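# Notes for the structure review
Given next are the chains, with one letter for each unit.
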Amino acid sequence: MIKIKAIRNHVIEYMGALFYCMKLSWNASKYYTTFRIICGIVLPVLGIANAFLGKYLINLLTGVFIVQDKNIVFLSLMAGIFIIGFLQRGGGSLEQYMQSMHDNILNEKLSIMIMDCSVKADLEHFDNTVYYDKLQAAARDSFSMVHIMWNALLFLSASISFIGIFAVLWLANPFFGILLTIAAIPSTAMSMKYTKSIYRLSMEQLKNERRKGYFQGIALDKRFAQDVRLFNIGGFLKEKHYSLWKEVFGEQRKVARKRTAAAILWECLPEIVSMAIGISIGFKIFNGTSTVGDYSLYTGLIVQFLSSFSRLSLSFTNIYDNKLRIINLKSIFEFENHVLDHGKLELEKVDTIEFQHVSFAYPNTNKWVLEDLSFCLSKDEKTAFVGINGSGKTTLIKLILRMYDPKIGTIKINGIDLKEYRLESLRANFSVYFQEMGNYCLSLSENITISDIKRKGEGNLVLNVLKENCSEDILEKAPKGLSSSLTRIFDEDGVELSGGQHQKLALARTIYRRNTALILDEPSSNLDPKAEHDIFENLKTITDGKLTIFTSHRLSNISLADRIIVLEKGKIVEDGNQRQLLKNNKQYAELYRYQQEKFRMDEEDGGIMC
Ligand SMILES: Nc1ncnc2c1ncn2[C@@H]1O[C@H](COP(=O)(O)OP(=O)(O)OP(=O)(O)O)[C@@H](O)[C@H]1O
Ligand SMILES: [Mg+2]
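Sequence order as written defines the numbering, with residues in each chain counted from 1. Each chain takes a letter, starting from A, and each ligand takes a number, starting from 1, following the order in which they are written. It should be noted that, the model being predicted, local features are given only for residues of pLDDT at least 70 and side-chain atom pairs only at 80 or more, the latter also being counted only at that level, while totals for whole chains, interfaces and linings use all residues. Water and hydrogen atoms were dropped before computing side-chain values, which therefore reflect all heavy atoms in the structure.

### What to know about the side chain of Lys55
Runs of H or I in DSSP of at least four residues are treated as helices and runs of E of at least two as strands, each being numbered from the N terminus. In this fold, Lys55 is placed in helix H2 (residues 30-61). By definition, residues are in contact when any of their heavy atoms lie within 4.5 Å. For Lys55, the residues in contact, after removing those within four places along its chain, are Gly293, Asp294 and Leu297.

Structure (structure tokens):
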């Protein structure tokens, strides 16, 4: 009973995958799908017709087939064989062309689907190895999945030739087809069994494969190039890569050996049966009950029968294999997003942000990163969040942008729960500089305008932003001005920027958004003192009338803030302006003194050296 249920589930999964494949193919191109289905039906029928024409030709030549006008029949048969051969070859080439075009389109569709899934997924999924593994597997397998249509059509054409030839063989002797089918079943079953094992193995080994790719990535990535040379870790990376490969290869070889041994053993069965059929027809010819044409027809059909069976089993196994990959592909769309976009309200402007008893722990962790935070920020003030590393400053920003939702408590904008706003509309109101901000291998101009791609980024607008941000020096070495590519990864004339210039470019991108609220998370960590001073002076004007939040470990910038909130282990420990906090003489004053002391000592050292 359980077995029947399992088989039924398999069949349902199989048909589901087949249907899904066909739907993908159809959506990719109706034209190519239709043409390929027609070819899948017509080409096998032509094969059977050709075998019959061959039989009549041999019988005519050996004098068994007696007709009035031998010459005309002979020429007609030859013409028929020629036309069918031409159609088979021409159709085959056309089919190949259609397949390669269709595969290409399908591949692109799949890549876009996977990208779409990835960009819509909650940020928390990227902290989840299972999701990451599945996403990587889907991206890796997308190429092999383009063959789904090929396999489905192969299955269709092989089924047609299989049924057609089986019927013809049945007419000659019912045992022929049955024996051949029974003989071919074990090798198909083996093939399916090992396909499943190989897929399971490839999924189990995905983590190792990813790690292997990671080590190769370090050796190839420009960002690590200096470390690799300085630490001389080329050998270390190669060793890591090789040992992971060895582990993966060893496992794969074990399964591949078993599969090959089984194939050699079972694939001789159909050969034995076809030889027996050949012998029996041979004896019939000696007895005069069969013709040489029959021998040619049946031996030809047996070859086609075995080939169609092996194509049938190959496509069946491949669809089975694809089924497993498709189940994986479908599963990445099934990861539940927790940051739901059910809000209906449009956010026009950010006037206030209020935290009401907000606590937060990252998914799959059990430690509060933020605990019972309550405060209200308004557009009339610029607030600095200060605290040592890991105190929760960046996390707090992520909650405002709904990259995650609080576990407890509510965050309100303009007195309304964040969740009431449409997610896109909420995020569109913030210009944000993220602490880990990277730049893109695009033109300098695109690096700035990408933060608001719907707005037309005319040259002047972008130049003004650079001016405003005191970052025109970025253009000094750019041969094509704003059109120059950033980095030389894709363009020999690309511009390479210094660490500080990279930060300036990213800041320019933030400022370009011109939104009603501005968040800057450690915006000056790489800037020289003059650039930092100039940029912060400019920020005073840019941030006027806007709700502004920033974090900075350089407390010299904090004078820009009207209000300072000090975090310690995710809790607010101080809240006030700089003067009040210095007077309080607690955590903030202590941090401030550390930096002041450092500057005083540096100045004294400088004095002695002079
Ligand atoms: N994706 C994550 N998953 C789990 N824990 C995380 C994640 N991101 C950050 N954390 C943890 O949350 C805590 C707060 O991190 P956060 O980045 O908010 O600190 P921060 O105050 O911005 O520090 P810094 O001054 O170094 O930028 C840290 O202990 C960190 O380890
Ligand atoms: Mg941070």
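### Let's talk about the coordination of the magnesium ion (ligand 2)
Nitrogen, oxygen and sulfur within 2.8 Å of a metal are treated as its donors, or within 3.2 Å for sodium, potassium and calcium (Na, K, Ca); water is not counted, so a site can appear incomplete. The magnesium ion (ligand 2) binds to the protein through Thr394 (OG1) and Gln435 (OE1); the donor distances cover 2.0 to 2.1 Å. Within this pair, whereas Thr394 is found in helix H12 (residues 393-400), its partner Gln435 is found in the loop between strand E6 (430-433) and helix H14 (444-449), the two being separated by 41 residues in sequence. Burial here depends on accessible area, computed with a 1.4 Å probe over protein chains only, as a share of the maximum for the residue type. Under 20% is buried, over 50% is exposed, and the range in between is partly exposed. Residue Thr394 is classed as partly exposed on the basis of its relative accessible area, which comes to 23%. Residue class for Gln435 comes out partly exposed when judged on its relative accessible area of 36%.

### A short note on the site of ligand 1
Nearness is judged by heavy atoms alone; a residue qualifies as near a molecule or strand once a single heavy atom is within 4 Å of it. Among the 13 residues in the neighbourhood of ligand 1, the closest are listed as Gly390, Lys393, Thr394, Thr395 and Gln435. Polar contact is defined as a pair of N or O atoms within 3.5 Å, subject to the rule that within protein one atom must be able to donate a hydrogen and the other to accept it, and that residues adjacent in sequence are counted only when both atoms are side-chain atoms. A distance of 3.2 Å is found between an oxygen atom of ligand 1 and a backbone nitrogen or oxygen belonging to Ser391. Interatomic distance of 2.9 Å between a backbone N/O atom of Gly392 and an oxygen atom of ligand 1. Considering only residue class, the shell around ligand 1 consists of 3 nonpolar, 8 polar and 2 charged. All amino acids are sorted into three groups, where Ala, Val, Leu, Ile, Met, Phe, Trp, Tyr, Cys and Pro are nonpolar, Asp, Glu, Lys and Arg are charged, and the leftover types, Gly among them, are polar.

### Things to note about the nonpolar core
Definition of nonpolar core: a set of buried residues of the types Ala, Val, Leu, Ile, Met, Phe, Trp, Tyr and Cys, connected through side-chain atoms within 4.5 Å. Core analysis: the largest hydrophobic core is formed by 38 residues, its most contacted members being Leu444, Ile448, Leu539, Phe550, Ile558, Ile564 and Tyr588. Those elements that place two or more of their residues in this core are strand E3 (382-386), H14, helix H15 (459-468), helix H16 (499-512), strand E7 (517-521), helix H17 (529-542) and strand E9 (563-568). Of all the elements, H16 adds the most residues to this core, at 6 residues. Those residues in contact with Ile558, other than ones at most four positions away along the chain, are Ala384, Val386, Phe550, Ser552, Ile564, Gln578 and Tyr588. In terms of nonpolar packing, the next biggest core, distinct from the first, is built from 33 residues, Phe360, Phe385, Leu401 and Ile549 among them.

### Some points on the sheet that holds E6
Strand order in the open sheet formed by 6 strands is E6-E7-E8-E3-E9-E10, and the pairing between neighbours is mixed. Each edge of the open sheet is held by one strand with a lone partner, namely E6 and strand E10 (571-576). On average, each strand axis in the sheet is tilted by 15° relative to the strand beside it, whichever way the strands run. Judged from the 4 bridges that link them, E3 and strand E8 (residues 547-551) form a sheet pairing that is parallel. The residue of E8 that forms the bridge with Ala384 is Phe550. Inter-axis angles, ranging from 0 to 180 degrees, are taken between N-to-C directions of lines fitted to C-alpha atoms, where helices are fitted over the stretch in contact. This element, H12, spans E3, E6, E7, E8 and E9 of the sheet and lies at about 150° to E7. Should DSSP find at least two bridges between two strands, the strands are regarded as paired.

### Points about the packing of helix H6 (residues 174-204) against helix H11 (residues 292-332)
Where H6 contacts H11, the two axes come as close as 9 Å, and the packing angle between them is 25°. The angle between the axes of H6 and H11 places the two elements in the roughly parallel class. The hand of the H6/H11 crossing is right-handed. Here H6 contributes Gly177, Leu180, Thr181, Ala184, Ile185, Thr188, Ser191, Met192, Thr195, Lys196, Tyr199 and Met203 to the contact with H11, which in turn contributes Ile302, Phe305, Leu306, Phe309, Ser313, Phe316, Thr317, Tyr320, Asp321, Leu324, Arg325 and Asn328. Looking at the contact of H6 with H11 residue by residue, the class counts come to 13 nonpolar, 8 polar and 3 charged. Here roughly perpendicular refers to angles of 65 to 115 degrees, roughly parallel to angles under 35, roughly antiparallel to angles over 145, and oblique to all remaining angles. Put simply, a crossing is left-handed when the front helix is turned counterclockwise from the back one by less than a right angle, and right-handed when it is turned clockwise.

### Some points on the packing of aromatic side chains
Only rings of Phe, Tyr and Trp enter the pairing, Trp through its six-membered ring, and a pair is recorded when the two centres are within 6.5 Å. The plane angle decides the type: under 30 degrees is stacked, over 60 is edge-to-face, the rest tilted. Under the criterion given, the structure shown has 23 aromatic pairs. Aromatic rings pair up to connect Phe162, Phe166, Trp170, Phe305 and Phe309 into one cluster. For Arg455, the ring lying beneath its charged end belongs to Tyr512, and the centroid distance is 4.1 Å. Over a ring means this: the NZ of a Lys or the CZ of an Arg is within 6 Å of the ring centre and within 35 degrees of the ring normal.

### Thoughts on a nonpolar patch on the surface
A patch consists of residues whose relative accessible area exceeds 30% and which take part in no salt bridge; residues with like charges are grouped when within 9 Å of each other, and nonpolar side chains (Val, Leu, Ile, Met, Phe, Trp, Tyr) when within 5 Å. Surface exposure here means Shrake-Rupley accessible area, sampled with a 1.4 Å probe, where a residue is shielded only by the protein chains that are shown. In the sections that follow, a salt bridge refers to a side-chain nitrogen of Lys or Arg positioned within 4 Å of a carboxyl oxygen of Asp or Glu. Taken together, the side chains of Phe82, Ile83, Phe86 and Leu87 present a nonpolar region at the surface, about 450 Å² in accessible area. If you trace the backbone, Ile83 turns up in helix H3 (residues 70-120). On the accessibility criterion, Ile83 (47% relative accessible area) is partly exposed.

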